[in-house]
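The lines below spell out each chain.
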Amino acid sequence: MGAQIQRGALEDLNHALHLAFASVVRTGEHVICSESVYGPVVGLLREQMGNFGIDVSFVDTPDSAAIKKALTPKTTLIHIETPANPTMAVTDISEAAAIAHGHGARLSVDNTFMSPILQRPLEHGADIVIHSMTKFLNGHADVVAGMVVAKDEKDYRLFRKMSNAFGGTIDPFNSFLVARGIKTLALRMERHVANGMKVAKFLEGHPKVSKVMYPGLESHPQYETHRKQSDGPGGLISFELKGGVDAGKVLMNSVHMCALAVSLGGVETLIQHPASMTHASMDPALRKQAGITDGLVRISVGIEDAQEIIADLEQGLAKVK
Ligand SMILES: Cc1ncc(COP(=O)(O)O)c(C=O)c1O
């Protein structure tokens, strides 16, 4: 690990990602990215970075053989989300780091779903960590901000130079709000995890739910990997209803306490439909490849009383035929 962990705060996460990618990847090079990923990252890599002659492959990064297979002599960056938005797929950070470093590439990790309280990718070999501070770090749904963390002093200097050139740095008032939010981060994360576990178990036991994706459940395909590299499963859950998209619509329009809205990681519980909301801009073929089905519902479990969240979901599910 470098002598000091260095951070830089940006206006939002896409600025943070753009800054990190544009700083370390050059024209003619190749990036490997998790296929299940925050939707706009696909456009950023394919279109905006593509315009500068950068090539990208979206792969199933929980499968390390798939990462290895996608490597080309030009690969200089592997970018993963773990757990991934919205499928909750988990990638082994130390395995991905070993593959990247064995190839002379860097590993960057979007750690938004975990926050540094639950997962610290630098400890597992990542070179760059990116957080949307809009989510858990701020926690109160009143800021849009992002952060880039570099392990290496040289990378940090690159990021500073780039952010100077690009602009898009966070303003003082939003910095104040995020700093205020971080004071309660540890407490909030404890509650997000406790509530997440209760809601996930409730959903898993419900007869109208066909599948629950939550890394705190033993049924999660990468349960052991997540346990190894994190201190908790967090507050994000994805699930599918037996009645598919139509059932999902009924549920989302029937809940009262859970707000139908994008974003995540705030004190209030939010529910949303990735295929028509957060991941609507993603090409449908890639959505399908990544397992983001039209029936997938994502919930960001807040810090309210868990029984109230469950009661709201229960009455909503009762309206599903
Ligand atoms: C994993 C992940 N990264 C980044 C973002 C976007 O962050 P921001 O709203 O700060 O641009 C999201 C938003 O949902 C996300 O889920």
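Residues numbered from 1 in each chain as written. Predicted model: local features only at pLDDT ≥ 70, side-chain atom pairs only at ≥ 80, totals over all residues. Heavy atoms only, no water.

Would you mind showing me how to read helix H4 (residues 93-102) here?
Within an α-helix, residues lying three or four positions from one another point in the same direction, as the helix has 3.6 residues per turn. Listing the buried residues of H4 in full gives Ile93, Ala96, Ala97, Ile99 and Ala100. In an axial view of H4, the angular spread of the buried residues amounts to 165 degrees, which keeps them on one side of the axis. Relative to its buried face, H4 has exposed residues pointing more than 90 degrees away, namely Ala98 and Gly102. Check the buried side of H4 and you find it contacts helix H3 (64-70), strand S4 (75-81), strand S5 (106-110) and helix H9 (223-229). (Buried < 20%, exposed > 50% of the residue type's maximum accessible area, 1.4 Å probe, protein only. Helix = DSSP H or I, 4+ residues; strand = E, 2+ residues; numbered from the N terminus. Arc of directions from axis to C-beta. Contact = heavy atoms within 4.5 Å.)

Would you explain the pairing of strand S3 (residues 55-59) in this entry?
Note on strand geometry: in a regular strand, side chains alternate between the two faces of the sheet. Strand direction decides the pairing type here: strand S2 (residues 30-34) and S3, joined by 5 bridges, are parallel. Looking across to S3, one finds that isoleucine 32 is bridged to serine 57. Between S2 and its parallel partner S3, the chain crosses via helix H2 (residues 39-48), and the hand of that crossover is right-handed. (Pairing = 2+ DSSP bridges. Right-handed = clockwise from strand over helix to strand, strands pointing away.)

Can you help me understand the sheet that holds strand S10 (residues 259-260) in this one?
Strand pairing in a sheet is mediated by backbone hydrogen bonds. Such pairs are either parallel or antiparallel. Ordered in space as S8-S9-S12-S11-S10, the 5 strands form an open sheet in which the pairing is mixed. Pairing within the sheet leaves two strands with one partner each, and these edge strands are strand S8 (209-213) and S10. Against the sheet, helix H10 (residues 244-254) engages strand S9 (236-241), S10, strand S11 (270-272) and strand S12 (296-300), with an angle of about 125 degrees to S9. (Axes fitted to C-alpha atoms, helices over the stretch in contact; angles between N-to-C directions.)

So what exactly am I meant to see when it comes to the environment of glutamine 315 here?
The residue glutamine 315 is located in helix H12 (residues 306-318) in this model. Between the alpha carbons of glutamine 315 and valine 255 there is a distance of 7.4 Å; along the sequence they are 60 residues apart. Excluding residues within four positions of it along the chain, glutamine 315 makes contact with Ser254, Val255 and His256. There is a polar contact of 2.8 Å between the side chain of glutamine 315 and the side chain of lysine 319. (Polar contact = N/O pair within 3.5 Å; in protein donor to acceptor, adjacent residues only side chain to side chain.)

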